[in-house]
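Commentary on secondary and tertiary structure
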Amino acid sequence: MTIAAALAEAQQVIGRLEARVLLRYVLRCDEAWLIAHGDDDLASPQSAAFGVLIARRAAGEPVAYLTGHREFYGREFVVTPAVLIPRPDTELLVELALQRLPANGGDVLDLGAGSGCIGVTIAAERAQARVTLVDASADALDVARENAQRHAAANTVLLRSDWYAALGDARYVLIVSNPPYIASGDAHLQQGDLRFEPQSALASGTDGLADMRRIVAGAPAHLAAGGWLLCEHGHDQAEACTMLLQQSGFAEVFSARDLAGIRRVSGGRWPPS
Ligand SMILES: C[S@@+](CC[C@H](N)C(=O)[O-])C[C@H]1O[C@@H](n2cnc3c(N)ncnc32)[C@H](O)[C@@H]1O
C-alpha cells in the first residue's frame, strides 16, 4: 500500500489531521516529506505500527501520549501518561508571568509542574531567573527533569512536595500554578482525553477549588514583598479565585482572558511591606 492510500484509509477513522500527525511520527518525517512521497510504498513494519496507533487513537488515547510530545510556547515537550498534556490556554499564564518577572530574574516557583511546561519555559525564556518546579508526583518530576534537560534549563531545581510543604521558609518573586481545578464529580473527567490523564492532575475536591484554596492560603508565607501569585483556573472560577486572593490580603487582584475571551488566569500581588 502507498503512503497516500494508507493516509486515505486512516483519515476515515481518525480524521485527516491526526492521521498525518501519526504517520509523520511513524516515519520520523515532516509534512513536506509526506507530501512529496505519497506514491512510495509503506513498508510493512511501518504499516503495522501505523495501524496500532490508529486503533489506539480510535479507542480514545490522546495523540500526545501516542507520539510522546506536545508543543508549548514554541518548544517541544516530552509527555507521558504521568503528566497533564500541556494546553495552549496555559501559554497565557506564562505570558503574564514573563511580564511580571523582574529584569534581573529572581526566584520563581512553579507549583504542580507536571511536564514542566510552565517552569521550564520561564527558565528557558529568562536565563537570569532561578525556577523551582514542585510536584507531588515523582513520575511527573521525571518528565519535567527530562524537559528541563532538553531545553538546557540549567536554572531549574525540581522538588517533590505537597504544595509548599518541602520549601521551608524560601520566598519567591513569582509563584505560578496551574493546579488541578475540576470538581471531582464532573462528568468531563470520564470523557475524551481527560479519561487518560492523571486524575491527580485534574480533580480537586467537590467544587474544584480545594487545591486553589491551599495555594492561595500558603502563598503569603512564600512571596517576597511585592511578589506575584498567578494561577490558571476553570472557565467559571475567576470570581471565586479573585475572592480568595482578596480575602488573603492580596493587592492588584486581576483576571486575564484567554484567546477565547474566557477569564482563565487570576493573580494578585503580595503588598510590599
Ligand atoms: C493541572 S496539572 C498542571 C501540570 C502543568 N503545570 C501544566 O500546566 O501542564 C496539576 C499538577 O499538580 C500536581 N499536584 C496535584 N496535587 C499536588 C500537591 N498536593 N502538591 C504538589 N503538586 C500537586 C499534579 O501532579 C499535576 O502535575
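This section reports on the structure supplied with the text. (Residues numbered from 1 in each chain as written. Predicted model: local features only at pLDDT ≥ 70, side-chain atom pairs only at ≥ 80, totals over all residues. Heavy atoms only, no water.)

Looking at the packing of helix α6 (residues 91–100) against helix α7 (residues 117–125)
We apply this condition: The axes are straight lines fitted to the C-alpha atoms, using for helices just the contacting stretch, and the angles between their N-to-C directions are given from 0 to 180°. Think of it this way: any DSSP run of H or I at least four residues long counts as a helix, any run of E at least two long counts as a strand, and we number them from the N terminus. By the definition adopted for this analysis, an angle is roughly parallel if under 35 degrees, roughly antiparallel if over 145, roughly perpendicular if from 65 to 115, and oblique otherwise. Each crossing is labelled by how the near helix is turned from the far one, with a counterclockwise turn of less than a right angle marking it left-handed and a clockwise turn marking it right-handed. Here, residues are in contact when the closest pair of their heavy atoms is within 4.5 Å. Gly is placed with the polar residues, together with every amino acid not listed as nonpolar (Ala, Val, Leu, Ile, Met, Phe, Trp, Tyr, Cys and Pro) or charged (Asp, Glu, Lys and Arg).
Between α6 and α7, the shortest axis-to-axis distance is 10 Å and the interhelical angle comes to 40°. Classified by the interaxial angle, the pair formed by α6 and α7 is oblique. Crossing hand, α6 versus α7: right-handed. Residue-level contacts link Leu93, Val94, Ala97 and Leu98 of α6 to Ile118, Thr121, Ile122 and Glu125 of α7. Tallied by class, the residues present in the contact of α6 with α7 amount to six nonpolar, one polar and one charged.

Details of the site of the ligand
As a reminder, the rule being used: Any residue with a heavy atom lying within 4 Å of a molecule or strand is counted as near it. Identification of polar contacts relies on pairs of N or O atoms within 3.5 Å, with a donor-acceptor requirement for protein atoms, meaning one able to donate a hydrogen and the other able to accept it, and with residues adjacent in sequence counted only if both atoms are side-chain atoms. Only the protein chains shown count as cover for residues, and the accessible areas themselves come from Shrake-Rupley with a 1.4 Å probe.
The environment of the ligand is made up of 17 residues, and the closest members are Gly112, Asp135, Asp162, Trp163 and Asn178. Take Gly112: an N or O atom from its main chain is 2.8 Å from a nitrogen atom of the ligand. At 2.8 Å from a nitrogen atom of the ligand is found a side-chain nitrogen or oxygen belonging to Asp162. Relative to its free-state accessible area of 600 Å², the ligand is covered by the protein chains to the extent of 94%. Across the shell around the ligand, the residue classes break down as nine nonpolar, six polar and two charged.

Section: the pairing of strand β1 (residues 69–72)
To be explicit about the condition: A pair of strands is labelled paired if DSSP reports no fewer than 2 bridges between them.
As paired strands, β1 and strand β2 (residues 75–78) are joined by four bridges and run antiparallel to one another. Its bridge partner lying in β2, Glu71 is registered against Glu76. Here β1 folds back onto β2, and the loop between the two strands holds two residues, one of which, Tyr73, carries a positive phi near 50°.

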